[in-house]
Amino acid sequence: MIATLLFAAFVILMLVGVPIGAALGLAGATAIALANSDTQWFGLLAVPQNFYAGLGKYPLLAIPMFVLVGSIFDRSGVASRLVNFAVAIVGRGPGMLPLVAISVAMFLGGISGSGPANAAAVGAVMIAAMNRAGYPASFSASVVGAAAATDILIPPSVAFIIYSVLVPGASVPALFAAGMVPGVLAGIALIFPAVWMARKHKMGALESSMPRPPFWKSLREASWGLAAPVVILGGMRAGWFTPTEAAVVAVFYGLFVGMVIYRTIKVRDLFVILQEAGELSAVILLVVSLAGIFAFSLSTLGVIDPVAHAIVNSGIGEWGVMALLILLLITVGMFLDGVSIFLIFVPLLLPVMNHYKWDPVWFGVILTLKVALGQFTPPLAVNLMVSCRIAKVRMESTVRWVGPMLLAMFLVMIAVIAFPQLALWLPHYLGY
């Protein structure tokens, strides 16, 4: 009865507009109080303890730093220079700007770890450029929203950091390495339908007449941005610093590029950058800490084992369970961000993963792919919300363009499920 109330309270609070973190914390605290009705106040002491326990984990220190990195590179002008360099490589022509948008979004995924932040950075540059070239605003928003979904797969990824905290058998370096190949495959898969739709519907008629940036000049201007993932990921691989320390190094590298090399960031801009990063980090970490209360109530009420037992003994078999999880998480991904989904569902799914002896790193990549699909699936998709706001279009207008790209990324997910080595080869090769 109390377990039912836990989920009912959470859903009702969400429906009436209570923020996700507050809904998790209030539902969890209510369930804890009811479960300890004889000693209610002593039982409620678990609330502050688990609030702190949810937050007091070393890998989580990387989250505010990577969020800050995203804000710094967004304001430093790295995105616009990467776009110029990409255009200099592929040239002008029908379908080339969507290719550039997806490529730049994939590259920026190696700098920040947030899909909506990536959509904002790429969308600010690419949507205006695509509109000038004659692409419909709804198509531009669809391409940017889909491209930004690769961000949570390509390291560094905030979602992978959260998953590593929740799953003891999955380290951050192993997850970062495992996400690289599927993330690149997802980006390449998105390019095909985006270019095909642009050419089929004769979009970008003005693109061919626009000037092509000089290659060597654009390479020189973009070189500092191109070196950022090398510094972040190469330093981790070389053992110079941990993922958390890598985030701090990336912050100072971004400040050096923005303030000394490009000189697009002034001292007065630092307050705004730190404020933006602080607010976004606080939201993420507050959700993480309040989800700790929800997770504690799940475990103490004995909800996890019966749910896992029901799934495992449903009679649909291992791959039927996987299909069920795909449907569930893609649907939930339309409404919630990846961090919230992991915090709510990973504790419930861990016994299922252990029962079928699925590799925890591979399972983390699969879950992240499912969430990535949800991030640009209408009617409620966090990445599409950002790109549609920039393009000033309604999300309903993107449905016809998003469909083929959803299918392309879905096929990548099926390939990773069918061939686990697509995700596991690189971490095994690197020794993680």
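Residues numbered from 1 in each chain as written. Predicted model: local features only at pLDDT ≥ 70, side-chain atom pairs only at ≥ 80, totals over all residues. Heavy atoms only, no water.

### Section: the overall build of the chain
Step number 1: Counting its secondary structure elements, the chain contains 21 helices and zero strands.
Step number 2: Taken against the 2.2 N^0.38 rule, which gives 22 Å for 432 residues, the C-alpha radius of gyration of the chain at 22 Å falls within 12% of a compact globule.
Step number 3: Principal-axis analysis of the C-alpha atoms gives the chain an extent of 75 × 50 × 45 Å.
Step number 4: Partitioning the intrachain contacts of the chain with sequence separation of at least 6 by distance along the chain shows that 80% fall at a separation of at least 24.
Step number 5: Only carbon and sulfur atoms are counted for the fraction: they give 70% of the accessible area of the chain, which is about 18,100 Å².
Step number 6: Once the 21 positive and 14 negative side-chain charges of the chain are each reduced to a mean point, those two points are 15 Å apart. (Helix = DSSP H or I, 4+ residues; strand = E, 2+ residues; numbered from the N terminus. Rg over C-alpha atoms; globule rule 2.2 N^0.38 Å. Contact = heavy atoms within 4.5 Å. Areas by Shrake-Rupley, 256 points an atom, 1.4 Å probe, with all protein chains shown as cover. Lys, Arg positive; Asp, Glu negative; His and termini not counted. Charge placed at Lys NZ, Arg CZ, Asp CG, Glu CD.)

### Some thoughts on the packing of aromatic side chains
Step number 1: Going through the model one piece at a time under the given rule, you end up with twelve aromatic pairs.
Step number 2: Measuring from centroid to centroid gives 5.7 Å for Trp224 and Phe256, while their planes differ by 65°, and the two rings are edge-to-face. Residue Trp224 is located in helix 12 (residues 215-238), and its partner Phe256 is located in helix 13 (residues 243-261); the two are separated by 32 residues in the primary sequence.
Step number 3: In this structure an aromatic cluster arises from ring pairing among Tyr356, Trp358, Trp362 and Phe363.
Step number 4: The positively charged end of Arg81 is found above the aromatic ring belonging to Tyr262, 3.9 Å away from the centroid. (Phe/Tyr/Trp six-rings, centres within 6.5 Å; stacked < 30°, edge-to-face > 60°. Lys NZ or Arg CZ within 6 Å of the ring centre and 35° of its normal.)

### Some words on the environment of Ala86
Step number 1: Counting through the fold element by element, Ala86 comes out in helix 6 (residues 78-90).
Step number 2: A sequence separation of 127 residues divides Ala86 from Pro213, and the C-alpha atoms of the two residues are 9.2 Å apart.
Step number 3: For Ala86, the contacting residues outside a window of four places in its chain are Val100 and Val104.

### Observations concerning the pattern of salt bridges
Think of it this way: side chains of opposite charge can pair up when their charged atoms draw near.
Step number 1: Considering all chains together, one arrives at one salt bridge under this definition.
Step number 2: In this structure, Glu396 and Arg394 form a salt bridge, with 2.7 Å as the shortest nitrogen-oxygen distance. (Salt bridge = Lys/Arg side-chain N within 4 Å of Asp/Glu carboxyl O.)

### Comments concerning the nonpolar core
Step number 1: Counting 150 residues, the largest nonpolar core has Tyr163, Trp358, Trp362 and Phe376 as its most contacted members.
Step number 2: Excluding residues that lie within four positions of it along the chain, Trp362 makes contacts with Met322, Val416, Ile417, Pro420, Ala423 and Leu424.
Step number 3: Counting residues in hydrophobic clusters, the runner-up holds five residues, among them Ala29, Ile32, Val47 and Ile293. (Core = buried A, V, L, I, M, F, W, Y, C linked by side-chain atoms within 4.5 Å. Buried < 20%, exposed > 50% of the residue type's maximum accessible area, 1.4 Å probe, protein only.)

### Concerning the packing of helix 5 (residues 62-75) against helix 10 (residues 158-166)
Step number 1: The N-to-C vectors of helix 5 and helix 10 enclose an angle of 180°; their axes lie 10 Å apart at closest approach. Considering their axes alone, helix 5 and helix 10 lie roughly antiparallel with respect to each other. Mapping the contact onto sequence places Ala62, Ile63 and Phe66 in helix 5 and Val158, Ile161 and Ile162 in helix 10. (Axes fitted to C-alpha atoms, helices over the stretch in contact; angles between N-to-C directions. Parallel < 35°, antiparallel > 145°, perpendicular 65-115°, else oblique.)

### Here we look at the environment of Arg394
Step number 1: For Arg394, the position within the fold is in the loop between helix 19 (382-391) and helix 20 (399-418).
Step number 2: Here Arg394 falls in the exposed class, since its relative accessible area comes to 61%.
Step number 3: Along the primary structure Arg394 and Ala178 are separated by 216 residues, whereas in three dimensions their C-alpha atoms are 35 Å apart.
Step number 4: A polar side-chain atom of Arg394 sits 2.7 Å from a polar atom in the side chain of Glu396. (Polar contact = N/O pair within 3.5 Å; in protein donor to acceptor, adjacent residues only side chain to side chain.)

### Focus on helix 18 (residues 360-374)
Step number 1: For helix 18, spanning 15 residues, the distance from its first C-alpha to its last is 21 Å, which sits close to the expected 21 Å at 1.5 Å a residue.
Step number 2: Of all 15 residues that make up helix 18, 15 are buried, and the element is covered over most of its length.
Step number 3: For helix 18, the N-terminal capping position is held by Asp359, with its side-chain oxygen 2.8 Å away from the main-chain nitrogen of Val361. (Expected span 1.5 Å × (residues − 1).)

### Points about a nonpolar patch on the surface
Step number 1: Nonpolar side chains collect at one region of the surface, where Val11, Ile12, Leu15 and Val16 lie side by side and expose about 420 Å² of accessible area between them.
Step number 2: With respect to the secondary-structure elements, Ile12 resides in helix 1 (residues 2-15).
Step number 3: Ile12 sits in the exposed class, given a relative accessible area of 51%. (Patch = residues over 30% accessible without salt bridge, like charges linked within 9 Å, V, L, I, M, F, W, Y side chains within 5 Å.)

### Some points on the environment of Leu68
Step number 1: You can see Leu68 is positioned in helix 5.
Step number 2: Overall, the relative accessible area of 8% leaves Leu68 in the buried class.
Step number 3: Residues Leu68 and Glu276, spaced 208 residues apart in sequence, show a C-alpha to C-alpha distance of 8.1 Å.
Step number 4: If we skip the residues at most four places from it in the chain, Leu68 touches Val251, Ile273, Leu274 and Ala277.

### Some words on the side chain of Ser142
Step number 1: Inspection of the secondary structure puts Ser142 in helix 9 (residues 137-148).
Step number 2: Contact partners of Ser142, with chain neighbours within four places excluded, come to Leu384, Thr398, Trp401, Val402 and Met405.

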